[in-house]
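Chain by chain, the residues:
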Amino acid sequence: MRSLLKVLLVTASASLLCFQAIPVGANEKAINLQSDINREASLSQEKINDYDDEANAAAKSYAAAIQRAESLTIYNGQLRRLIESQQKEIRSIKRQTEEIESIETGALPLMLEMTETLNQLIEGDIPFLTQERRDRVENLKRLIDRADVTAGEKYRRIMEAYLIEADYGRTIESYRGELDMGGTPRTVDFLRVGRIGLYYQTLDSEETGNWDKADRQWEVLEDEYRRSVRDGLRIARKQSPPTLLRLPVDTPSEVAK
């Protein structure tokens, strides 16, 4: 009985071992299969992620290209308007250049005549600041001959010289310079009262004189005018307030009928 029980136990144990061996092999296959599936799923997901990244990059590139194309369209439109504006400006400059050349051709004789008239005015005027005024005329003559100066600038400079000459007739001025009488140059103080009188006085105030318009020469004045000329010099230098001056003035001679 015991032997039969042992046989049954051994048989049962063997059967149990056989029963347990089968599930273990299947479980490993299942695990390996699941690992393969997971690995393939991971690879597929990586591919999907790569495709998604490529799609996003392509979408961004497309959006950037669209934006760049819109910017280029706007820029090209602005550039076209700028070119049209520049072409209009070029046509305007050409037209103005032609007009300027025409104006300069017509204005050149007038400017030459005005300069020569100014020169004659200086030579026939009382001899104050003579060299300075002659130099101004010579500068105008050189300016007219220059091709790099516009006609407008030439005319402006001529008118400026005329305004300076016009101001001389409304002002009183004193300055120091050389006076040559009888071949002996001396340093004296000059007093100009507008254009009606030009006087001088030596630095020691011992001699006073004026310019005689009729004879066009300097003449010595009597001592009674010494103080008036000295006072006039002080007024011109703003060292004294304005006051009445008793000075000899040349009167226009009567024209013979």
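A quick note: this is a predicted structure, and the numbers were derived from the prediction, not measured.

Chemist: Go over helix 4 (residues 226-236), please, and point to the residues and values.
Modeler: Listing the buried residues of helix 4 in full gives Ser228, Val229, Gly232, Leu233, Ile235 and Ala236. The arc that holds every buried residue of helix 4, seen down its axis, measures 160 degrees, which confines them to one face. Lys238 sits one or two positions beyond helix 4 and adopts a positive phi of about 60 degrees.

Chemist: Can you break down the nonpolar core residue by residue, with the values?
Modeler: Counting residues in hydrophobic clusters, the biggest one holds 12 residues: Ile126, Phe128, Leu129, Tyr168, Tyr175, Leu179, Val188, Phe190, Leu198, Tyr200, Trp211 and Trp218. Of all the secondary-structure elements, those providing two or more residues to this core are strand 1 (172-181), strand 2 (184-193) and strand 3 (197-202). Discounting chain neighbours no more than four positions away, the residues touching Phe128 are Arg133, Tyr168, Tyr175, Arg192, Arg195 and Leu198. The next biggest cluster of nonpolar side chains, apart from the first, holds 9 residues, and it includes Leu118, Leu140, Ile144 and Ala161.

Chemist: Residue-level account of the side chain of Thr208, with values.
Modeler: Relative to the elements of secondary structure, Thr208 occurs in strand 4 (residues 208-212). In this structure the side chain of Thr208 is engaged in a polar contact, spanning 2.9 Å, whose partner is the side chain of Gln201.

Chemist: Any details on the packing of helix 2 (residues 130-144) against helix 3 (residues 151-168)? Residues and values, ideally.
Modeler: Axes are the key here: two packed helices are described by the angle between their axes and the distance separating the axes. It is the contact of helix 2 with helix 3, at a shortest axis distance of 10 Å, that shows an interaxial angle of 165 degrees. Considering the angle they form, helix 2 stands roughly antiparallel to helix 3. Every pair of crossing elements has a handedness; the one defined by helix 2 and helix 3 is left-handed. On helix 3, the residues that touch Glu132, Arg133, Arg136, Leu140, Leu143 and Ile144 of helix 2 are Lys154, Arg157, Ile158, Ala161, Ile164, Glu165 and Tyr168. Among the residues forming the contact of helix 2 with helix 3, the class breakdown is 7 nonpolar, no polar and 6 charged.

Chemist: Run through the pattern of salt bridges, naming residues and quoting values.
Modeler: Within this structure, the stated rule accounts for 19 salt bridges. A salt bridge links Asp148 to Arg146; the nearest nitrogen and oxygen atoms lie 2.9 Å apart. With a relative accessible area of 42%, Arg146 lands in the partly exposed category. A cluster of three or more residues bridged by salt bridges with shared partners is formed by Asp125, Glu132, Arg133, Arg136, Glu165 and Arg195.

Chemist: Just give me the short version of the packing of aromatic side chains, but keep the residues and values in it.
Modeler: Applying the stated criterion across every chain, the model contains 5 aromatic pairs. Note on Phe128 and Tyr168: the rings are 4.9 Å apart at their centroids and 85 degrees apart in plane angle, and the pair reads as edge-to-face. Of this pair, Phe128 sits in the loop between helix 1 (2-124) and helix 2 while Tyr168 is found in helix 3, placing the two residues 40 residues apart along the sequence. A residue is classified by how much of its surface remains accessible, and Phe128, at 0% relative accessible area, is buried. Centroid distance Trp211 to Trp218: 5.3 Å. Interplanar angle 70 degrees. Geometry classified as edge-to-face. Summarising the burial analysis for this pair, Trp211 and Trp218 share the class buried. Taken together, the ring pairs in this structure connect Tyr175, Phe190, Tyr200, Trp211 and Trp218 into an aromatic cluster.

Chemist: An account of the sheet that holds strand 4 is needed here, citing residue identities and associated values.
Modeler: Read from one edge to the other, the open sheet built from 5 strands follows the order 1-2-3-4-5, with strand pairing classed as antiparallel. In this open sheet, the two edge strands, each paired with only one partner strand, are strand 1 and strand 5 (217-220). Here the average twist between neighbouring strands, direction ignored, is 35 degrees. Pairing between strand 3 and strand 4: 3 bridges, direction antiparallel. Bridging across to strand 4, Gln201 finds its partner in Thr208.

Chemist: Let's hear about a nonpolar patch on the surface: which residues, and what values?
Modeler: On the surface, Tyr75, Leu79, Leu82 and Ile83 cluster together to form a nonpolar patch covering roughly 350 Å² of accessible area. Structurally, the position occupied by Tyr75 is in helix 1.

Quick notes on the rules
Residues numbered from 1 in each chain as written. Predicted model: local features only at pLDDT ≥ 70, side-chain atom pairs only at ≥ 80, totals over all residues. Heavy atoms only, no water. Buried < 20%, exposed > 50% of the residue type's maximum accessible area, 1.4 Å probe, protein only. Helix = DSSP H or I, 4+ residues; strand = E, 2+ residues; numbered from the N terminus. Arc of directions from axis to C-beta. Core = buried A, V, L, I, M, F, W, Y, C linked by side-chain atoms within 4.5 Å. Contact = heavy atoms within 4.5 Å. Polar contact = N/O pair within 3.5 Å; in protein donor to acceptor, adjacent residues only side chain to side chain. Axes fitted to C-alpha atoms, helices over the stretch in contact; angles between N-to-C directions. Parallel < 35°, antiparallel > 145°, perpendicular 65-115°, else oblique. Left-handed = near helix turned anticlockwise from the far one by under 90°. Nonpolar A, V, L, I, M, F, W, Y, C, P; charged D, E, K, R; others polar. Salt bridge = Lys/Arg side-chain N within 4 Å of Asp/Glu carboxyl O. Phe/Tyr/Trp six-rings, centres within 6.5 Å; stacked < 30°, edge-to-face > 60°. Pairing = 2+ DSSP bridges. Patch = residues over 30% accessible without salt bridge, like charges linked within 9 Å, V, L, I, M, F, W, Y side chains within 5 Å. Areas by Shrake-Rupley, 256 points an atom, 1.4 Å probe, with all protein chains shown as cover.

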